Amino acid sequence: MLETTLDFKLLEMCSRCGACYSICPSCMNIPGYDPREVIRDILSGEHEKWLSSRHIWECLECHYCVEICYQHYGFENAMTALRMVAARKGMHPPQVKRGWDMFVKTGKLGEPALPARKKLGLPEPGASGADEFRRLHALLKERRAGAGEAK
Amino acid sequence: MREFAVFWGCTIQARFPFIEKSTRLVLESFGLPYRDIDGFTCCPEKSLVNNIDRGSFVLTAARNVALVDELGLDLVSPCTGCVSNLSTVKGELNADPREKAEVNGLLREVGREFKGVSRLQHLVPFFHDTVGIHKIKQKIKRDFDGMRIALHYGCHMIRPSHALKNDDPLNPVKFDNIIRGLGAESLQFMTKLMCCGQGLDRVDAHDKALDFARVKLKELKAIGADALVLCCPSCFLQFDNNQFLMIKEGERLGVPVIYFTELLGLALGFSAAELGMTSHRVDCSPFVSKWEALSKRPSPSAGIEAGLTGPSALG
C-alpha cells in the first residue's frame, strides 16, 4: 500500500535534507516530533510502528513543508500516507471517527444554528445537498465494488 | 465583476453565525453581486475526509464546484479551509483529464458536471484583488489610524500555493496591505505565520492545541497588540474559544480576536453589536473603546487658528 502512494526516490532525498524540520510548527512545539526519523523508518520498511503513533495525527496540514521543500514533495505526503494506512486499519482517533460518521450521514460537519440565525436576522440557510451527496456516495461504493476494490 | 456565490462552510453556519452576519453586512455595503445558492455540502474538511477516503474527498469537492460551474458563477468564501480544499481538488482534476473523466462519470449520474472553470477565492484576496484597496478606502467612514493590529493569515489562505496561487506562501502581503489600507499598523512579530494549531483539537489533542494558542497569544500580549485579526473560522475557534478556556483557568491573556469582516464593518460605521461582536467569548471592548477614544482625539489641525493670532507680515 505504501509503495503505491509514496515516491521512495524523492523520500531518499528527504532523508538527507530536513528543510521541513526547520519550518514545521509541530516540530517546533511538540517534543519528539521529527520528520527525519519517520522518513528513515519508511525507507527501511519499518513504517508499521508509526501507525499507532500520535505523531501522525499531529501533522497540522499547514503545507509549510510542501512550500519549503526543494522537491515540492514534502514530509506532508509521507504523513498523509501513514494516516491513510492507519485509518484503513481503524487506528484513527475517536474524534476523527465521529467526524467521519457525521460527514457521511449529513454531508456536513455541523448543521446551521437556527435560533442564533433568527436572532441575528439572517435569511434561511440554502438547502443542503445531503440527499444528492448520499446518492453520489452510494454510486462511488457501487463502482468500487464493481472494480473489485476493497473498501 | 462576475456574480459570485458565497460558500459559508459548516463551521461558520453551525458555530459562528455572527461571522455570516458581518460578512453579509460588508458585502451589501460594498454593493457586491453575491448570491446564496442551494445544494452545497461540506467542502469537505481535508484532514478528516482525505485521510479516511481520498475518493470521497475529491468527489465531494468536485460536486460543490460543479454547482457554481453550472450557474456560471464564481465562488467566494470567508473560510480559508473551504477555499483551499476546493481549489486543491479543482487544480488536481484540471491537471488530470483521466481523473476528471472518472469523477464526471459519477457526477453525470446525479445530473452534474465538473468543468473547473469558476474562480474560487477567499474573502481577503478577493477584497485585495477584485474589490481593491482604493475602493475600500473610498467606502470607509473611519480608519484605524493609531491602532496596532496583529494579523494571523491562516495557513490555508495562502497554502498550498500551487492550488491557490494568490500570495507568496512564505511571505504573504495581501492581508497586510488591506490592514495598512485601513490605516492601522500591521505588527511584525516572530509567530506571525505560525499555524494556529486548531487541527490538534480535532484529533483528541486538546492540551497541545492550547499550547499552540498560548505561544502566539503570549507574544501578542508582550508586544502590546490591540487585537488579533484573522479570517478563518478554525483559527477563530482556536484563538477565541480556546483563549477563553485558558483565561478561565487563570491565565492572564485577553487579546481581542476580531474577524476581518468585523474590522471592515466597524470602519464602515456599523456598531460592534450590529456586527455580532458581542457574541465573542473573549471581550472585544478594549479594542473598540480604544478606537473610540482615539476618535475623540483632537485632529492635528485643531486650534491652529488660535496660534496664528500674532502680528503677520501684513501687520
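Please refer to the structure higher up on the page.
In this text the structure is predicted, and so the values were computed from the model without any measurement. Counting restarts for each chain, with residues numbered from 1 along the sequence as it is written. Chain labels run from A onward and ligand labels from 1 onward, assigned in the order the entries are written. For this predicted model, a pLDDT threshold of at least 70 governs which residues receive local features, and a threshold of 80 or more governs which side-chain atom pairs are given and counted, while totals over whole chains, interfaces and linings are taken from all residues. Processing note: side-chain calculations cover all non-hydrogen atoms of the structure and skip hydrogens and water entirely.

## Some remarks on the sheet that holds strand β3 (residues 74-77) of chain B
Residue and element names in this part refer to chain B. A pair of strands is considered paired only if DSSP assigns at least 2 bridges between the two. Every helix listed is a DSSP run of H or I at least four residues long, and every strand listed is a run of E at least two residues long, numbered separately from the N terminus. The four strands lie next to each other as β2-β1-β3-β4, forming an open sheet whose pairing is parallel. Strand pairing shows two members of the sheet lacking a second neighbour, β2 (34-35) and β4 (120-122), which therefore form its edges. Relative to β3, strand β1 (residues 4-6) runs parallel, the two sharing three bridges. Bridge assignment links Ala5 to a residue of β3, and that residue is Leu75. Running over the sheet, helix α5 (residues 80-95) touches β3 and β4 and is turned about 155° from β4. Contacts: residue pairs with any heavy atoms within 4.5 Å of one another. Working convention: axes come from line fits to C-alpha atoms, limited for helices to the stretch in contact. Angles between N-to-C directions cover 0 to 180 degrees.

## Quick word on the interface of chain B and chain A
You'll often see interface size given as the accessible area lost when the parts meet. Contacts between the two partners involve 59 residues from chain B and, on the opposite side, 58 residues from chain A. Both sides of the chain B and chain A interface together cover about 5,200 Å² of buried area, and 62% of this is carbon and sulfur. Whenever a carboxyl oxygen of Asp or Glu lies within 4 Å of a side-chain nitrogen of Lys or Arg, that contact is scored as a salt bridge. At the boundary of chain B with chain A, the tally comes to eight salt bridges. Throughout this description, a polar contact denotes any pair of N or O atoms lying within 3.5 Å of each other; where both atoms belong to protein, one of them has to be capable of donating a hydrogen while the other can accept it, and for residues adjacent in sequence the pair is counted only when both atoms sit in side chains. Linking chain B with chain A are 23 residue pairs in polar contact (both at pLDDT 80 or more), by the criterion used here. Contributing elements (two or more residues each) for the side of chain B that touches chain A: α1 (9-15), α2 (17-29), α3 (46-52), α4 (54-71), α6 (97-108), α9 (155-158), α10 (161-164) and α12 (206-223) of chain B. Ranked by residue count, the leading element in the side of chain B that touches chain A is α3(B), at seven residues. In this count, Pro and Cys sit with the nonpolar residues alongside Ala, Val, Leu, Ile, Met, Phe, Trp and Tyr, while Asp, Glu, Lys and Arg are called charged and the others, Gly among them, polar. Among the residues making up the side of chain B that touches chain A, the classes are represented as 27 nonpolar, 15 polar and 17 charged. Values labelled buried area give the accessible surface lost by two parts on being combined, using a 1.4 Å probe and summing over both.

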